[in-house]
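# Coordinate inspection notes
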Amino acid sequence: MTRKARIKIIISILIIVLVGTLISMSLYNKPHTDVAKSSPNISLASKTLLDDFENDENLANSKYLEQIIQVSGTISELSVSKGKGIVTLGNKDSFGNIMCHLSAKENEKMTALEKGQSITIKGICTGYLMDVILVKCVIIN
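Let me sum up the structure you'll find in this document. For every chain, the first residue of the written sequence is number 1, and numbering continues from 1 onward in sequence order. Residue-level local features of this predicted model are given only where pLDDT is at least 70; pairs of side-chain atoms are given and counted only at 80 or more, and the full residue set underlies all totals for whole chains, interfaces and linings. Side-chain metrics rest on all non-hydrogen atoms present in the structure, leaving aside hydrogens and water.

## Some thoughts on the layout of surface pockets
If you roll a probe as big as a water molecule over the atoms, it shows you where there is empty space left. Put simply, the grid is 1 Å and covers the protein atoms alone, a cavity is a trapped set of points that fit a 1.4 Å probe, a pocket is an open set with protein on both sides within 12 Å along at least five of seven lines, and lining residues have an atom within 4 Å of a point. Grid points are joined across faces, edges and corners, and a volume is the space filled by probe spheres set on the points. In this structure, the largest pocket spans a volume of roughly 180 Å³. Around the largest pocket sit Thr-33, Asp-34, Val-35, Ala-36, Lys-37, Ser-103, Ala-104, Lys-105, Glu-106, Lys-136 and Val-138, which together line it. Classifying every residue of the lining of the largest pocket by side-chain character gives four nonpolar, two polar and five charged. Each residue is assigned to one of three groups, with Ala, Val, Leu, Ile, Met, Phe, Trp, Tyr, Cys and Pro labelled nonpolar, Asp, Glu, Lys and Arg labelled charged, and all others, Gly among them, labelled polar.

Below, the structure written as structure tokens:
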């Protein structure tokens, strides 16, 4: 292999590494989605969301995963974990629940909530582990 060929290979590798680094840095520094300011991609009742995941988890994942979802339902439980509020929406017909992990700004609003109250919450769906998980949630009403 000639010296010119080695230099071309080294330059090509450096360019590939540089482009890969720039792409990685731009994705890493991408701003987080502000759920409060974003409009929901999907609005539905808690029972519908739970039924979709219980009936066909793969189809539901393709439909709801990483989407901003606005869910209306009845509060079955209120709790705090590691200083963050969790509102659980559920009903007697479904095996699972919807766990809504509130954003830090929304923790204050949790004191006005009561078990059995109807509520609408907006958050990002991260999947289904016996319960549907929504994160960065904001209370709509």
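## Overview of the environment of His-101
Note that His-101 resides in strand β4 (residues 98–102). Note on classification: 1.4 Å probe, protein chains only; a residue is buried when its accessible area is under 20% of the maximum for its type, exposed when over 50%, partly exposed between these limits. Judged by its relative accessible area of 28%, His-101 falls in the partly exposed class. Along the sequence, His-101 and Leu-59 sit 42 residues apart, while their C-alpha atoms lie 23 Å from each other. Setting aside chain neighbours within four positions, we find His-101 in contact with Gly-85, Ile-86, Ile-133, Leu-134, Val-135, Lys-136 and Cys-137. Numbering of helices and strands runs from the N terminus; a helix is a DSSP stretch of H or I covering at least four residues, while a strand is a stretch of E covering at least two. Any two residues having at least one pair of non-hydrogen atoms within 4.5 Å are treated as being in contact.

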